[in-house]
Protein chains: 2
Amino acid sequence: MIGRFSLSLLVGLLPVMFAPELSAQTLAERLGYPPGTRLIIVHADDLGETHAVNAAALKALQAGTINSASLMVPCPWFPEIADYAKSHSDVDFGLHLTLTSERMYYRWGPVASINKVPSLVDENGYFHHDWEHNQHVNPKEVEIELRAQIERALAMGVRPTHLDSHQYRLIMNGKELFDVMLRVAHEYKLPVFVTRDWFADHPYLQASLGPGDIVVDHTVTIEPDVPPEKWAEFYLAALKTLKPGVTEFVIHPGFDDEELRAATRERSTWGSAWRQRDYDFFSSDQFREILSQQNIKLITWRELARASELK
Amino acid sequence: MIGRFSLSLLVGLLPVMFAPELSAQTLAERLGYPPGTRLIIVHADDLGETHAVNAAALKALQAGTINSASLMVPCPWFPEIADYAKSHSDVDFGLHLTLTSERMYYRWGPVASINKVPSLVDENGYFHHDWEHNQHVNPKEVEIELRAQIERALAMGVRPTHLDSHQYRLIMNGKELFDVMLRVAHEYKLPVFVTRDWFADHPYLQASLGPGDIVVDHTVTIEPDVPPEKWAEFYLAALKTLKPGVTEFVIHPGFDDEELRAATRERSTWGSAWRQRDYDFFSSDQFREILSQQNIKLITWRELARASELK
């Protein structure tokens, strides 16, 4: 009996141990979907950064073609989106935890007092443009700043459904920073955007996560190697070959107007035309049609959180 | 002899004591202009606040129809204008010392650490939207913040020609705040925009100023009681009836685009259409023609400062 039990236990563990993509089904199953169901979150990043990003994201949210987004609390246009969030409490807004100010002509700094987070700011008091390899970012200061961002959002009437990390800074820079985000997230009972797609490159992610944490199965985001004329083709291929489970499409809609062109003019990656292309594809009939044709369902962070033990 | 000497001293003082408009000539005369000369500074406020304001002001500066401007260091678009100032060191840029964040959907906070200037910020860490009558603004904190703004500007390559006060907060709110601005200005050897037009309502201004301080004779700024269709008429009348001496036209050019409309949408005063009207008038042939017709000369703060003992 013991032998048989052990064997069945071992067999039961096999998918988890050797085939992480099978355990991907767990989240969808916990949400009540039959095996094989393909679910996507169409998630707009960077709300609050500029008005052109806010305007495009709100239009797409209202049209229903994107269904989730996250907000940059330190940015100057955050009050606009917080005001909207306050009167649209059903919208799936997370916080896009922000520790960099990556543009050249348009910049922002921390929510916390600058003298409490000296490792996060440059000599002029803005968040660093980038993190150099030898940049010492103090995890205690990161924690102070993350709490300040969440507290400002709450004070301004936002009820976030999730947390994620601007430029993946808190995901890709080692266990210590990831653990800070995870600890703060647990305290505020908010899920963090993590996908098992990242586990191979960053094993500490999986090691830090507990059974109550939500792990999205896959993520899709367009990269600079896709030429502008192949934009729709890239997304259509991703949707046609979508794997079962929950996939987050991380997109960057925005209107290609004077403000956004000026704010992003030093480089084209994630720039103004890029964001207009994202807006255009995800507002297109093509996108609606392929969802229907491929029987792909939309899901939000609010729904994911309901299915977990976090909420 | 003593009697005669006293009498001549008294006569000498008479213009200062009883006819401040006569002493107005002093500045123009010190600059080498014959009595009766009419000089104007066409001064754009609020650079750095939004891209639409930067773009309009830079276009008008390059066209030569405005010839001076001041920069809001705490605002997110300050880096764009600082970058321009660095490579255009001849442009007449002052600092528009800023202690309020008067819009609703687009906001900014202090340059200094928030915990050093608690009386200047609201519960979310932005500068107050407005100063209530019973608002206690701590002059020591004002001084910390003014220094922080000047130091950031210097560190980012701006060499300011003058200082002025956003929304006249440091002019109209009592001797204590004005003296802070004046003390900091003296330390950095920068002239402060003060006009004798304000002396009657705010006698402490004149009382605080010393012989080395520059006093502009008059100022003209358009107010909300002028209907949009009377914009040009207002400015033309002001130019036709211009008094001798130095007059600063405080104007607010901006492009009436998506960004500026969104940033100023809660009220029309000093809003997007207002700023477009200012841009339009001061870029018009009408404006150039009346300057020529009326023999009005342009002057900058750099020139004023050269004439004083400050520089």
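First, a word on scope: everything that follows refers to the structure included in this document. If you're wondering where the values come from, they're calculated on a predicted model, not measured in any experiment.

## With respect to the relation of the copies chain B and chain A
Screw-axis analysis of chain B against chain A gives a translation of 0.0 Å along the axis, an RMSD of 0.0 Å, and a rotation angle of 180°. Accordingly, the operation relating the two chain copies is best matched by a two-fold axis. Closest to the rotation axis within chain B is the C-alpha of B:Ser113, separated from it by 2.4 Å.

## Digging into unusual backbone geometry
Phi at A:Asp46 is positive, roughly 75°, even though this residue is not glycine. Its location among the elements puts A:Asp46 in strand β1 (residues 38-47). Its relative accessible area of 2% is what places A:Asp46 among the buried residues. Non-glycine residue B:Tyr168 carries a positive phi angle of around 55°. Within the fold, B:Tyr168 resides in the loop between β4 (163-165) and α6 (169-172).

## Quick look at the interface of chain B and chain A
Facing the 29 residues of chain B at the interface are 29 residues of chain A. Along the contact surface separating chain B from chain A lie two salt bridges. Between B:Glu80 and A:Arg265 there is a salt bridge, with the nearest N and O atoms lying 2.8 Å from each other. Where chain B touches chain A, the interface holds 15 residue pairs in polar contact (both at pLDDT 80 or more). Counting residues per element, the ones that place at least two in the side of chain B that touches chain A are α4 (78-87), α5 (139-155) and α10 (258-263) of chain B.

## Comments concerning the pattern of salt bridges
Counted under the stated rule, the structure contains 30 salt bridges over all chains. Across the pair B:Arg103 and B:Glu266 runs a salt bridge whose closest N-O atoms are separated by 3.5 Å. With B:Arg103 in the loop between β3 (93-97) and α5 and B:Glu266 in the loop between α10 and α11 (272-282), this residue pair connects regions lying 163 residues apart in the sequence. Taking the relative accessible area as the measure of exposure, B:Glu266 reaches 23% and is therefore partly exposed. Through salt bridges with shared partners, a single ionic network connects A:Glu143, A:Arg147, A:Arg183 and A:Glu187.

## Regarding the packing of helix α9 (residues 231-240) of chain A against helix α12 (residues 285-293) of chain A
Residues and elements named next belong to chain A. At a minimum axis distance of 10 Å, the contact between α9 and α12 shows a crossing angle of 10°. On the basis of their axis angle, the class for α9 and α12 is roughly parallel. The residues of α12 that touch α9, namely those facing Ala232, Leu236, Leu239 and Lys240, are Gln286, Phe287, Ile290 and Leu291. Partitioning the contact of α9 with α12 into residue classes produces six nonpolar, one polar and one charged.

## Brief notes about the packing of aromatic side chains
All names here are of chain B. The full count for this structure, using the stated rule, is 34 aromatic pairs over all chains. Measuring from ring centre to ring centre gives 4.6 Å for Tyr235 and Phe282, while their planes differ by 70°; the resulting arrangement is edge-to-face. Of this pair, Tyr235 sits in helix α9 (residues 231-240) while Phe282 sits in helix α11, and the two are 47 residues apart along the sequence. Each member of the pair Tyr235 and Phe282 is classed as buried. Consider the rings of Phe281 and Phe282, whose centres lie 5.0 Å apart with planes at 90°: the pair is edge-to-face.

## Thoughts on helix α7 (residues 175-187) of chain B
Compared with an ideal rise of 1.5 Å per residue, which puts 13 residues at 18 Å, α7(B) spans 18 Å between its outermost C-alpha atoms and is within 8% of the ideal. B:Lys189 sits one or two positions beyond α7(B) and adopts a positive phi of about 55°.

## Regarding the environment of B:Arg277
Residue and element names in this part refer to chain B. Residue placement: Arg277 occurs in helix α11. Expressed as a C-alpha distance, the spacing of Arg277 and His88, which sit 189 residues apart in the sequence, is 26 Å. If sequence neighbours within four positions are ignored, Arg277 has contacts with Pro228 and Trp231.

## Here we look at the pairing of β1(A)
Remember that side chains alternate between the two faces of the sheet whenever the strand is regular. Residues and elements named next belong to chain A. Counting buried positions along β1 gives ten out of ten residues, so the element sits mostly inside the fold. Here β1 runs beside strand β6 (residues 245-251); their pairing, made up of seven bridges, is parallel. Across the sheet, the residue bridging to Val42 is Phe249, located in β6. Of the pairings in the sheet, the one linking β1 to strand β7 (residues 297-298) comprises two bridges and is parallel in character. By the bridge assignment for β7, Leu39 is matched with Lys297. Judged from the three bridges that link them, β1 and strand β2 (residues 68-71) form a sheet pairing that is parallel. For Leu47, the partnering residue across the bridge sits in β2 and is Leu71. Between the parallel elements β1 and β2, the chain passes through helix α3 (residues 51-63) in a crossover that is right-handed.

Calculation notes
- Residues numbered from 1 in each chain as written.
- Chains lettered and ligands numbered in written order.
- Predicted model: local features only at pLDDT ≥ 70, side-chain atom pairs only at ≥ 80, totals over all residues.
- Heavy atoms only, no water.
- Least-squares fit on C-alpha atoms with pLDDT ≥ 70 in both.
- Helix = DSSP H or I, 4+ residues; strand = E, 2+ residues; numbered from the N terminus.
- Buried < 20%, exposed > 50% of the residue type's maximum accessible area, 1.4 Å probe, protein only.
- Contact = heavy atoms within 4.5 Å.
- Salt bridge = Lys/Arg side-chain N within 4 Å of Asp/Glu carboxyl O.
- Polar contact = N/O pair within 3.5 Å; in protein donor to acceptor, adjacent residues only side chain to side chain.
- Axes fitted to C-alpha atoms, helices over the stretch in contact; angles between N-to-C directions.
- Parallel < 35°, antiparallel > 145°, perpendicular 65-115°, else oblique.
- Nonpolar A, V, L, I, M, F, W, Y, C, P; charged D, E, K, R; others polar.
- Phe/Tyr/Trp six-rings, centres within 6.5 Å; stacked < 30°, edge-to-face > 60°.
- Expected span 1.5 Å × (residues − 1).
- Pairing = 2+ DSSP bridges.
- Right-handed = clockwise from strand over helix to strand, strands pointing away.

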